[in-house]
Amino acid sequence: MNTSIEQTGEQAVEQARALIRESNRIVAFSGAGISTEAGIPDFRGKGGLWENQKLMELMSAGGFRRDPAAFYRASLQTLPDIHRAKPTAAHRLVAQLEAQGKLSAVVTQNIDGLHQAAGSQTVHEIHGNFRTGHCVNCLAAYQMADFYDRIERGEIELPLCSECQSPIKPDVVLFGDLLPFDVWGHAVEAARRCDLMLTLGSSLVVYPAAELPKIAVMNGAKLIIVNRETTDYDAMASVVIRSELGDFARMISKQLN
Ligand code: NAD
Ligand code: ZN
């Protein structure tokens, strides 16, 4: 039985479907909740990673500077499947909307690369990604997957630059890091221009990311929020769906086909 959708009401899903139908410059704005069904835990949902303060400290920018090996240990223990996970129904819905010419961009807070894996083409990763990295000293660029496998096999503790032997940092935005300016600029532009923002699985408490739904609404867009829990932006939304993302995605994509 599909309880979550029933609690929310068929009517809300129907309204969301109608808004998606009549929009053609949709921006999907996703958070960690879109990837929990892929086996990657979120940070602030119930049972989320940030209930553990020690982890939060190890996985911050200061934590990386103080002890980069501990950063990698903590990251791979807490997000062990991040480089193996497969996209969910909601990632596929987003890619489908783009392929149908209805969606102009994905803005994601996630670092897992699952939107691209689902086939999305225009993806602005405002918190960076875990696939690539750079030497903290000479800025040489690296693909990270091999390093993660070698850390998990116990062969190395820390990825080191082959040019200068300094630590390599994944291209993720940690607490204490600045957002990548160019990517953030594209995200703001996408939010300004969209006619519908589809917010999927975000607690909307991380700033400046959480400004984006407000920017969209202030520029005339409609807002749909799909999340298990309430958010501070629910009152601003045209439709709020308190549901599992997988249920929502399957219902919408069936009706769109
Ligand atoms: P968050 O953890 O703060 O919030 C996730 C929200 O999604 C919660 O409100 C939770 O109730 C909801 N949720 C979880 N699973 C759901 C499901 N199946 N259906 C519906 N709702 C669901 O996430 P955030 O807002 O993205 O902020 C966290 C930060 O942590 C981001 O900046 C992101 O970079 C990072 N992060 C990324 C990943 C990833 O890449 N997959 C994972 C954890 C954290
Ligand atoms: Zn180097």
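Up top is the structure.
Figured I'd write up the structure that's included with this text. Starting afresh in each chain, residues are numbered from 1 along the sequence in its written order. Lettering for chains starts from A, numbering for ligands starts from 1, and both go in the order in which the items are written. The model is predicted, so local features are restricted to residues of pLDDT at least 70 and side-chain atom pairs to those at 80 or more, both for listing and for counting; the totals for chains, interfaces and linings are taken over all residues. Computation of side-chain values covers all heavy atoms of the structure but excludes hydrogens and water.

Topic: the overall build of the protein chain
Line of reasoning, step 1. Per the secondary structure count, the protein chain includes 11 helices and nine strands.
Line of reasoning, step 2. Throughout this description, buried means an accessible area under 20% of the type-specific maximum (1.4 Å probe, protein chains only), exposed means over 50%, and partly exposed covers the range between. Per-residue burial over the protein chain gives 56% buried out of 257 residues.
Line of reasoning, step 3. Contacts are assigned to residue pairs with any non-hydrogen atoms lying within 4.5 Å of each other. Considering only residue pairs separated by 6 or more positions, the protein chain has 66% of its internal contacts joining residues 24 or more positions apart.
Line of reasoning, step 4. His residues and chain termini do not enter the charge count, which takes Lys and Arg as positive and Asp and Glu as negative. Here the site of a charge means NZ on Lys, CZ on Arg, CG on Asp, or CD on Glu. Each charge class in the protein chain was averaged separately, 25 positive and 30 negative side chains, and the resulting centres sit 2 Å apart. Segments assigned H or I by DSSP are reported as helices when at least four residues long, segments assigned E as strands when at least two residues long, and all are numbered from the N terminus.

What about the coordination of the zinc ion (ligand 2)?
Line of reasoning, step 1. Donors, by definition, are the N, O and S atoms found within 2.8 Å of a metal, the threshold being 3.2 Å for Na, K and Ca, and water is not counted, so a site can look incomplete. The coordination sphere of the zinc ion (ligand 2) contains the protein donors Cys135 (SG), Cys138 (SG), Cys161 (SG) and Cys164 (SG), at a distance range of 2.3 Å.
Line of reasoning, step 2. Between the four donor atoms coordinating the zinc ion (ligand 2), the angles at the centre fall across 95 to 122°, so the site counts as tetrahedral.
Line of reasoning, step 3. Donor residues for the zinc ion (ligand 2), ordered by position in the chain, follow C-x2-C-x22-C-x2-C. Highlighted residues: Cys135 in strand β4 (residues 128-135) and Cys164 in the loop between α8 (145-152) and β6 (168-172), separated in sequence by 29 residues. Only four donors with every angle between 85 and 135 degrees are called tetrahedral; only four or six donors with opposite donors over 155 degrees apart and all others between 65 and 115 are called square planar or octahedral, in that order; all others are irregular.

Comments concerning the nonpolar core
Inside soluble globular proteins, nonpolar side chains tend to come together where they are buried.
Line of reasoning, step 1. Remark: nonpolar core denotes a set of buried residues (Ala, Val, Leu, Ile, Met, Phe, Trp, Tyr, Cys) joined through side-chain atoms within 4.5 Å. One finds Tyr72, Phe130, Tyr142 and Met144 to be the most contacted residues of the largest nonpolar core, which totals 32 residues.
Line of reasoning, step 2. Counting residues per element, the ones that place at least two in this core are α3 (53-58), α4 (61-66), α5 (68-78), β4, α8 and β6.
Line of reasoning, step 3. When residues of this core are assigned to domains, at least three fall in each of domain 1 (1-40 + 86-127 + 179-257) and domain 2 (41-80 + 129-172).
Line of reasoning, step 4. Those residues within four positions of Tyr142 in sequence are excluded, and the remaining contacts are Arg131, Thr132, Gly133, Cys135, Phe147, Cys161, Ser162, Glu163 and Ile168.
Line of reasoning, step 5. Ala12, Val13, Ala90 and Ala249 belong to the second-largest nonpolar core, a separate cluster that totals 29 residues. Start and end positions for the domains come from either an automated domain assignment or a database one.

Describing the side chain of Asp195
Line of reasoning, step 1. Note on placement: Asp195 falls in the loop between α9 (181-193) and β7 (196-200).
Line of reasoning, step 2. Between Lys or Arg on one side and Asp or Glu on the other, a salt bridge is scored when a side-chain nitrogen of the former is within 4 Å of a carboxyl oxygen of the latter. Buried charge without a partner: Asp195 forms no salt bridge, and the closest opposite charge is Arg25, 4.3 Å away.
Line of reasoning, step 3. In the analysis that follows, any N or O atom pair within 3.5 Å is treated as a polar contact, provided that within protein one partner can donate a hydrogen and the other can accept it, and provided that, for residues neighboring in sequence, both atoms belong to side chains. Of note is the side chain of Asp195, whose polar atom sits 2.9 Å from the backbone nitrogen of Asn24.

Some points on the sheet that holds β7
Remark on secondary structure: sheet strands pair via backbone hydrogen bonds, oriented parallel or antiparallel.
Line of reasoning, step 1. The six strands lie next to each other as β3-β2-β1-β7-β8-β9, forming an open sheet whose pairing is parallel. Of all strands in the sheet, those bounded by a partner on one side alone are β3 (123-125) and β9 (239-241). Recorded for the sheet is a direction-independent mean angle of 15° between the axes of neighbouring strands.
Line of reasoning, step 2. Both strand β2 (residues 103-108) and β3 contribute to a ladder of three bridges, which runs parallel. Along β3, the bridge assignment pairs Val107 with His124. For two strands to count as paired, DSSP must find a minimum of two bridges between them. Only the contacting stretch of a helix is used when fitting its axis, a line to C-alpha atoms as for every element, and angles between N-to-C directions run 0 to 180 degrees.

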